[in-house]
Amino acid sequence: MAKITDFLSGCSKNLAILGTQWGDEGKGKLIDAFSNHFELVCRSTGGANAGHTIVVDDKKYVFHLMPSCLLHPNTEAIIGNGTVINLTDLVTEVEKLEATGIKNIQSRIKISLHAHLLFEYHKQVDAELENRKGDNKIGTTCRGIGPCYGDKINRMGLRVEDLLDEENFRERIIANAQFHEKNLDITIDIEKEIESVMIAKEKLKELFCDTRLYLSQARKEGRKILYEGAQAHHLDIDHGTYPYVTSSNVSAGGICTGLGVPPKAIEEIIGIAKAYTTRVGEGPFPTELEDELGDQIRAQGHEYGATTGRPRRCGWFDAVVVRNAVEFNGIDSLNLTKLDVLTGVTELKIATEYWLDDTRIYNVPTTQKANDKLSIKYETLPGWAEDISNVRDFSELPLNAQKYVTRIEELSGCPVSSIGVGADRQALIFR
Ligand code: IMP
């Protein structure tokens, strides 16, 4: 049986983990499994829209902005310049994790001085913008992510370092909040916002630093670094199913800009792909199952958002989607998650090709019109009925499960190096 230590001894020092579908692939579990073997785990983009769930001895831990490495006592967590941070929520997240008994959390976190501050009113703006879009809403997590990144791109956002000059901070946050009030005709309680941010700042200020310099030094010292992706390739602002995407670059390139590390700092990339596909929020989903089987997979896979609790849309594994992520990110191998959820499904389908009229296409079309016309070629494989949650060796999987994995490898153009067969930390097969 291949063990995680054997597996990781064959891995490069500095590894990135990225989602290959529309998020919720189960990145947190692999990051947790690996974290013990890395000294630093870094988040480069996004905010508390992410939700990584880790189960240890039936106890569930949910991480939002914090990298999901903190269960391991010696691992440090970096929250990079490309993230958007609601300091008050971050304090709550830290306190909740401390209450579960995790030790020394604060001494193991570094927060970038250049990360943007996400305020409560960004959530208000997010909800208002969604409301105004009506039927065209994105289905965001309503965590204020888009409006905060909007301020960043419009060069009117505030960064963590702005908190160090309170007078200047006050002036700028008032100007920013007033802009949103006028723009959207909403009322913002600015004084309350300033007060809660200042309380949170006092609790977290020792953790603020130039994480770029910290990481640069760490790389010089040869420390092992894990780059933790949030969301997934098809939610990327440039490469995803725009406009039904998140507001940052969540694919490989975003690691470099979101942490200030050069491309060569990432030596190996593992893509995470669920054994089927899910999506939360609106937007195209070619292999979606809007039937009883979709409901069955949702129930078996507990497919409800870790951040919002929304039911996830479920569908067949889409090799076009995963192959696309493999190619654009330079993914070296895949971690296939939740294979156990498919136990009992008699026939399994995999989408292999997309056609629009007489033309083969290689991306998910972004317009509704094109999606309505999309013709999908499927391959059907026989399923398996055996419980696989205690299997730890690939050769002990039912033959049909092995064939399913092998076909995914062939169609995605990428080897599957590990397989998740249950919620628990140990429920992983390494090859
Ligand atoms: P936002 O990131 O809250 O602006 O949401 C934009 C889109 O990304 C929506 O479809 C969300 O459901 C989706 N999204 C954002 N974060 C996650 C995540 O961590 N998992 C899955 N979907 C996400």
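Please read all numbers here as calculations on a predicted model, not as lab measurements.

Draft legend 1. Region of the structure containing the overall build of the chain. A count of helical and extended segments in the chain gives 13 helices and 20 strands. In terms of C-alpha radius of gyration, the chain reaches 21 Å, essentially the compact-globule figure of 22 Å for 431 residues. Its C-alpha atoms give the chain principal-axis dimensions of about 65 × 50 × 40 Å. Buried residues in the chain amount to 58% of all 431 residues. Taking as baseline every contact in the chain between residues at least 6 positions apart, the subset at least 24 positions apart corresponds to 75%. Accessible surface, the chain as shown: approximately 18100 Å² in total, 48% of it carbon and sulfur. Across the chain, the 50 positively charged side chains and the 63 negatively charged ones have centroids separated by 2 Å.

Draft legend 2. Structural context of the side chain of R108. Take R108: it is sitting in the loop between α3 (87-99) and β7 (109-112). Among buried charged residues, R108 stands out as having no salt bridge; its nearest opposite-charge side chain is E76, 8.6 Å away. Filtering out sequence-adjacent residues up to four positions away, R108 remains in contact with L70, H72, P73, N74, T75, E76, A77, I102 and K103.

Draft legend 3. How the structure looks around the site of the ligand. Near the ligand lie 15 residues; those nearest to it are D24, N49, T141, T246 and R310. One nitrogen or oxygen atom from the side chain of D24 is found 3.0 Å from a nitrogen atom belonging to the ligand. Here the ligand, which alone exposes 470 Å², has 97% of that area covered by the protein. The residue inventory of the shell around the ligand, partitioned by class, reads six nonpolar, seven polar and two charged.

Draft legend 4. How the structure looks around the packing of helix α6 (residues 166-184) against helix α7 (residues 190-204). Two numbers describe how α6 lies on α7: the axes approach to 11 Å, and their chain directions differ by 135 degrees. Classified by the interaxial angle, the pair formed by α6 and α7 is oblique. Relative to α7, α6 is oriented so that their crossing is right-handed. On α7, the residues touching E166, F169, R170, I173, I174, A177, Q178 and E181 of α6 are I190, E191, E193, I194, V197, M198 and K201. A breakdown of the residues in the contact of α6 with α7 according to their chemical character gives eight nonpolar, one polar and six charged.

About the criteria used
- Residues numbered from 1 in each chain as written.
- Predicted model: local features only at pLDDT ≥ 70, side-chain atom pairs only at ≥ 80, totals over all residues.
- Heavy atoms only, no water.
- Helix = DSSP H or I, 4+ residues; strand = E, 2+ residues; numbered from the N terminus.
- Rg over C-alpha atoms; globule rule 2.2 N^0.38 Å.
- Buried < 20%, exposed > 50% of the residue type's maximum accessible area, 1.4 Å probe, protein only.
- Contact = heavy atoms within 4.5 Å.
- Areas by Shrake-Rupley, 256 points an atom, 1.4 Å probe, with all protein chains shown as cover.
- Lys, Arg positive; Asp, Glu negative; His and termini not counted.
- Charge placed at Lys NZ, Arg CZ, Asp CG, Glu CD.
- Salt bridge = Lys/Arg side-chain N within 4 Å of Asp/Glu carboxyl O.
- Near = heavy atom within 4 Å.
- Polar contact = N/O pair within 3.5 Å; in protein donor to acceptor, adjacent residues only side chain to side chain.
- Nonpolar A, V, L, I, M, F, W, Y, C, P; charged D, E, K, R; others polar.
- Axes fitted to C-alpha atoms, helices over the stretch in contact; angles between N-to-C directions.
- Parallel < 35°, antiparallel > 145°, perpendicular 65-115°, else oblique.
- Left-handed = near helix turned anticlockwise from the far one by under 90°.

Purely spatial values, then, with no claim about function.
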